[in-house]
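These are the residues of each chain, in order.
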Amino acid sequence: MPKITFIDFEGTSRTVESDIGSTVMEAAIKNAVPGIEAECGGACACATCHVHVEESWRAAVGEPSPMEEDMLDFGYDVRPNSRLSCQIKVTAELDGLIVHTPERQA
């Protein structure tokens, strides 16, 4: 099972395991990771699962779709490495992924 590390805005990290084929958001919710609200349940209809992807993982994760970019406009502290965790599918290649949660969700 791939492991994903979530680091909150204070620097506290939490590593969780995720099923291949699920999303980073689903892994966060399943493991009660603080800072991921996921109000729309993963429908890419809000920005409450916003994360900052660690720079070294940006290429592996890929760029946001146009729809995701539109939703990120509603996010808090959006950066070039911002993604909605509901739109990041977990693959074996993402084992070790590191994402940061913002201080708050929009």
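Residues numbered from 1 in each chain as written. Predicted model: local features only at pLDDT ≥ 70, side-chain atom pairs only at ≥ 80, totals over all residues. Heavy atoms only, no water.

K.L.:
What exactly am I supposed to notice about the overall build of the protein chain here?
P.N.:
Helix and strand counts for the protein chain stand at three helices and five strands. Going from N to C terminus, the protein chain has its helices and strands arranged as β-β-α-β-α-α-β-β. For a compact globule of 106 residues, the expected C-alpha radius of gyration is about 13 Å, and the protein chain comes in at 12 Å, within 12% of that figure. Buried positions account for 42% of the 106 residues belonging to the protein chain. Partitioning the intrachain contacts of the protein chain with sequence separation of at least 6 by distance along the chain shows that 63% fall at a separation of at least 24. For the protein chain, the computed accessible surface area is about 5,500 Å², with 50% contributed by carbon and sulfur atoms. With 8 positive and 18 negative side-chain charges, the protein chain shows a spacing of 3 Å between the two charge centroids. (Helix = DSSP H or I, 4+ residues; strand = E, 2+ residues; numbered from the N terminus. Rg over C-alpha atoms; globule rule 2.2 N^0.38 Å. Buried < 20%, exposed > 50% of the residue type's maximum accessible area, 1.4 Å probe, protein only. Contact = heavy atoms within 4.5 Å. Areas by Shrake-Rupley, 256 points an atom, 1.4 Å probe, with all protein chains shown as cover. Lys, Arg positive; Asp, Glu negative; His and termini not counted. Charge placed at Lys NZ, Arg CZ, Asp CG, Glu CD.)

K.L.:
Explain the side chain of S82 here, please?
P.N.:
With respect to the element layout, S82 can be found in strand β4 (residues 82-84). Within the structure, the side chain of S82 is placed 2.7 Å from the backbone nitrogen of R79, a separation counted as a polar contact. Contacts of S82, omitting those with residues within four sequence positions, involve H50, V51, H52, P64, L72 and D77. (Polar contact = N/O pair within 3.5 Å; in protein donor to acceptor, adjacent residues only side chain to side chain.)

K.L.:
Would you take a moment to explain the environment of G41 for this structure?
P.N.:
Relative to the assigned elements, G41 resides in the loop between α1 (24-30) and β3 (50-53). Sequence separation between G41 and M25 is 16 residues; the distance between their C-alpha atoms is 8.7 Å.

K.L.:
I would appreciate a short explanation of the nonpolar core in the present structure.
P.N.:
Taken as a class, soluble globular proteins show a tendency for nonpolar side chains to be buried jointly. In this structure, I4, F6, L84 and L97 are the most contacted members of the largest nonpolar core, which totals 26 residues. If you list the elements that add at least two residues to this core, you get β1 (3-7), α1, β3, α3 (66-72) and β5 (97-100). Per-element accounting of this core gives the leading share, four residues, to α1. Apart from residues lying up to four places away in sequence, F6 is in contact with T12, S13, R14, V16, V24, A28, V33, V99 and T101. (Core = buried A, V, L, I, M, F, W, Y, C linked by side-chain atoms within 4.5 Å.)

K.L.:
I would appreciate a short explanation of the pattern of salt bridges in the present structure.
P.N.:
A side chain with one charge can pair with a side chain of the opposite charge if their charged atoms come near. Tallying each qualifying case throughout the model produces five salt bridges. One salt bridge connects R58 with E63, and the closest N-O pair in it is separated by 4.0 Å. Across the salt bridge formed by R79 and D77, the nearest N and O atoms sit 2.8 Å from each other. D77 sits in the partly exposed class, given a relative accessible area of 32%. Three or more residues are tied together by salt bridges with common partners; here these are E55, R58 and E63. (Salt bridge = Lys/Arg side-chain N within 4 Å of Asp/Glu carboxyl O.)

Without other data, these values stay purely geometric and don't point to any function.
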